[in-house]
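Coordinate inspection notes
Letter by letter, the chains look like this.
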Amino acid sequence: MTTASPAVATSGGKKAQVAVQRFGTFLSGMIMPNIAAFIAWGLITTLFISVGWLGWWHPVADMLGGFGNADQIGWAHAMTSIAVDKDGKNFPQYVGLVGSMISYLLPLLIANTGGRMVYGERGGVVASIATMGVIVGTTIPMFLGAMIMGPLAALITKYMDRIWDGKIRPGFEMLVNNFSAGILGMLLAIAGFFAFGPVFTYVADGLGAAVQWLVSLGLLPLLSIIVEPAKILFLNNAINHGVFTPLGIQQASEAGKSILFLIEANPGPGVGVLLAFTFFGVGMAKASAPGAIIIQFLGGIHEIYFPYVLMKPMLFISVIAGGMTGVATNAILGGGLRFPAAPGSIIAVILAAAPAGVPNLLVVLLSVVLAATVSFLLSSLFLLRSRRRDLAAEGAGDLSAAIAATEANKGKESAALAGLRERAVANASVEGDQLTVTGAEAADAVAGGTVITEKPVNSIVFACDAGMGSSAMGASVLRNKIKKAGVEGVTVVNKAIANLDGSADLIITQNQLTDRARQQAPNAIHVSVDNFMNSPKYDEVVDLVREQHQDGH
């Protein structure tokens, strides 16, 4: 049944968890939309640097890779810079794509995305201007600087505009807006050059030194003690996108690969747990595990295995041990990825590992296999120890409670988890009565100050923190259901809650996010679904839309 979710009192610990989730989601929101650019840079680097796959292709690789001598090649149309050869002589060297993209394009994309998240297009423009000061004020790729300066510049712009909001004479709005943004961007760029640049350099160097210290002492695998549980509690984005990805990009630009890209993305620990449930699980958990393996291992949706761990907390030991094994294998044998593997599927891992050479690819694959093996063996041991008790217990192998816990940790409904259950995880109630879709309309209408029993629905939005991944899958399922029902003129899309603009007629969220969605779009119909992927759960939504359109809405 499609239900609306009531507000739930939040403890201090839960508030802290939600705060970390939101911070991680914000960092992820800056990185994930730009993953295609990271992949493009990784491919260009793989192909055209001097030791790349096409590094022999003279003079194309010399120009695109940024290591060719313009005097010798004679192509006068490309940008050059002064470089020093091994004899100490200056020569004009092509700038190329590799260095330009990592130094300018990628940080500016991150800054612009962060600025837009805070203050729309205007915030993105000022963020880009300000971040240029940070970029040229340092000698290393400024991903950390972009992730801080971008949102900060947009926030300052937002507060600046409030100063003269409503006080500008008619006809002068464009003049004031453009010059104020330009002047502020200039001042922030100068400040970034002299102040932020050195600070971010020290921060990046310090974090890099800490990682290198862990590597030199052989302690890098200990990071799995933090990372693996953080993944299952959806607290990992702050670590992965805030530390591992920026430092990994810097390492990859210097060494051609980075182990940091694999600390979280290794699919081995998760697939080991799922294999154990496939052979030694009971009930619904055993039946659903093979399908979950395909989604996790090939699709890269790691959250699919989280409920299996939550229903058997001892399995935290399995994923931690598996993660440590994978990290240790790469640390000892020198495995790493050329660029981030997103999503964390074996396919993405192979594509990101192959550019660093076949030996590196074999090491990475070995790290996945060993991580999965260790996780499988420990998980099997724990499952076998409790198998008799699970078979005797009523409802053994039922994932409903574990799925509910996973979605509570994540703070949103997950399409990847939807196929694991066939009935509602929990039906929210308002004063003891379940709310169907129609009931949710009435509840939202009352909250908005007007009583509306039926509202035309032409635009449906699946909203979650990042607006990507599972919500996109859920939107696709409902879109197909509506199409098969013969209903036309209804759009179904997915968005981040922060990007809700009030244009949606009906917004679908997980119950923990419904209140936030209502605040962002108070005039829409807000409902929560118990299952993003299982088609029967959309019957009421589809029936509502079909009936409205048959009635001529």
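Residues numbered from 1 in each chain as written. Predicted model: local features only at pLDDT ≥ 70, side-chain atom pairs only at ≥ 80, totals over all residues. Heavy atoms only, no water.

**A look at the overall build of the chain**
The secondary structure content of the chain amounts to 22 helices and eight strands. Across the 553 residues of the chain, 50% fall into the buried class. Restricting the contact set of the chain to residue pairs at least 6 apart, pairs at least 24 apart contribute 72%. Taken as a whole, the chain presents about 24600 Å² of accessible surface, with 64% of it coming from carbon and sulfur. (Helix = DSSP H or I, 4+ residues; strand = E, 2+ residues; numbered from the N terminus. Buried < 20%, exposed > 50% of the residue type's maximum accessible area, 1.4 Å probe, protein only. Contact = heavy atoms within 4.5 Å. Areas by Shrake-Rupley, 256 points an atom, 1.4 Å probe, with all protein chains shown as cover.)

**What about the nonpolar core?**
Of all hydrophobic cores here, the largest spans 34 residues; its most connected members are Trp41, Ile110, Phe143, Ile249 and Leu337. Where this core is concerned, the elements lending two or more residues are helix H1 (12–31), helix H2 (35–48), helix H5 (98–136), helix H6 (143–163), helix H9 (237–255), helix H10 (262–265), helix H15 (346–353) and helix H16 (358–392). When neighbours within four sequence positions are excluded, Ile110 is seen to be in contact with Met30, Ile31, Asn34, Phe38, Phe143, Ala146 and Met147. Judged by nonpolar contacts, the second largest core, of 21 residues, contains Val271, Leu274, Ala289 and Val319. (Core = buried A, V, L, I, M, F, W, Y, C linked by side-chain atoms within 4.5 Å.)

**Topic: H15**
Along H15, the positions that sit buried rather than exposed are Ile346, Ala348, Val349, Ala352 and Ala353. All buried residues of H15 lie within an arc of 160° about the axis, which places them on one face of the element. (Arc of directions from axis to C-beta.)

**With respect to the packing of aromatic side chains**
Each aromatic ring pair is summarised here by two numbers: the centre-to-centre distance and the angle between the ring planes. For the structure shown, the criterion picks out four aromatic pairs. Ring geometry for Phe279 and Phe376: centres 6.2 Å apart, planes at 75°, overall edge-to-face. Taken together, the residues span a long stretch of sequence, with Phe279 in helix H11 (residues 268–280) and Phe376 in helix H16 at a distance of 97 residues. By relative accessible area, Phe279 is classed as exposed at 52%. Three or more aromatic residues joined by ring pairs make a cluster, and in this case those are Phe279, Phe280 and Phe376. (Phe/Tyr/Trp six-rings, centres within 6.5 Å; stacked < 30°, edge-to-face > 60°.)

**Considerations on the environment of Ala321**
Residue placement: Ala321 occurs in helix H14 (residues 315–333). Exposure remark for Ala321: the relative accessible area of 18% places this residue in the buried category. Between the C-alpha atom of Ala321 and that of Ala372, which follows or precedes it by 51 residues, the distance is 9.7 Å. Ignoring anything within four residues of it in the chain, the contact list for Ala321 reads Val374 and Leu378.

**What to know about H11**
With 13 residues, H11 should reach 18 Å at 1.5 Å per residue; the first-to-last C-alpha distance of 18 Å fits that figure. With 10 of 13 residues buried, H11 lies mostly within the body of the structure. Those residues of H11 that fall on the buried side of the exposure criterion are Gly268, Pro269, Gly270, Val271, Gly272, Val273, Leu274, Ala276, Phe277 and Thr278. (Expected span 1.5 Å × (residues − 1).)

**With respect to the side chain of Ser386**
Residue placement: Ser386 occurs in helix H16. Reaching out from Ser386, the side chain makes a polar contact with the backbone oxygen of Phe382 at a distance of 3.3 Å. (Polar contact = N/O pair within 3.5 Å; in protein donor to acceptor, adjacent residues only side chain to side chain.)

**A word on the confidence of the model for the chain**
Confidence in the prediction of the chain, expressed as mean pLDDT, is 78, and 76% of residues score 70 or more. Scored below 50 in pLDDT, residues 1–8 makes 35 contacts in the model with residues more than four places away or belonging to other chains. Below a pLDDT of 50 lies the segment residues 420–440, which in the model reaches 59 contacts outside its immediate sequence neighbourhood of four places, other chains included. (pLDDT = per-residue confidence, 0-100.)

**Focus: the pattern of salt bridges**
For the structure on display, the rule yields three salt bridges. The salt bridge partner of Asp161 is Arg122, with a shortest N-O separation of 2.7 Å. Taken together, the residues Asp161 in helix H6 and Arg122 in helix H5 connect sequence positions 39 residues apart. Residues Arg546 and Asp543 are paired through a salt bridge, measuring 2.8 Å at the closest nitrogen-oxygen approach. Taken together, the residues span about one helical turn, with Arg546 and Asp543 both in helix H22 (residues 539–550) at a distance of three residues. Assessed through its relative accessible area of 27%, Arg546 is described here as partly exposed. A relative accessible area of 32% places Asp543 in the partly exposed class. (Salt bridge = Lys/Arg side-chain N within 4 Å of Asp/Glu carboxyl O.)

**Details of the pairing of strand S7 (residues 506–509)**
Of the two faces of S7, the one lined by Leu506 and Ile508 and the one lined by Ile507 and Thr509 are each fully buried. Pairing between strand S5 (residues 459–464) and S7: three bridges, direction parallel. Note on S7: the bridge partner recorded for Phe462 is Ile508. Alignment of S7 against strand S8 (residues 525–528), held across four bridges, turns out to be parallel. For Ile507, the partnering residue across the bridge sits in S8 and is His526. (Pairing = 2+ DSSP bridges.)

**Structural notes on the sheet that holds S5**
The strand order across the open sheet formed by four strands is S6-S5-S7-S8, and the pairing between neighbours is parallel. Where the open sheet ends on each side, the last strands, each with one partner, are strand S6 (491–496) and S8. Averaged over all neighbouring strand pairs, the angle between strand axes comes to 25°, with direction disregarded. (Axes fitted to C-alpha atoms, helices over the stretch in contact; angles between N-to-C directions.)

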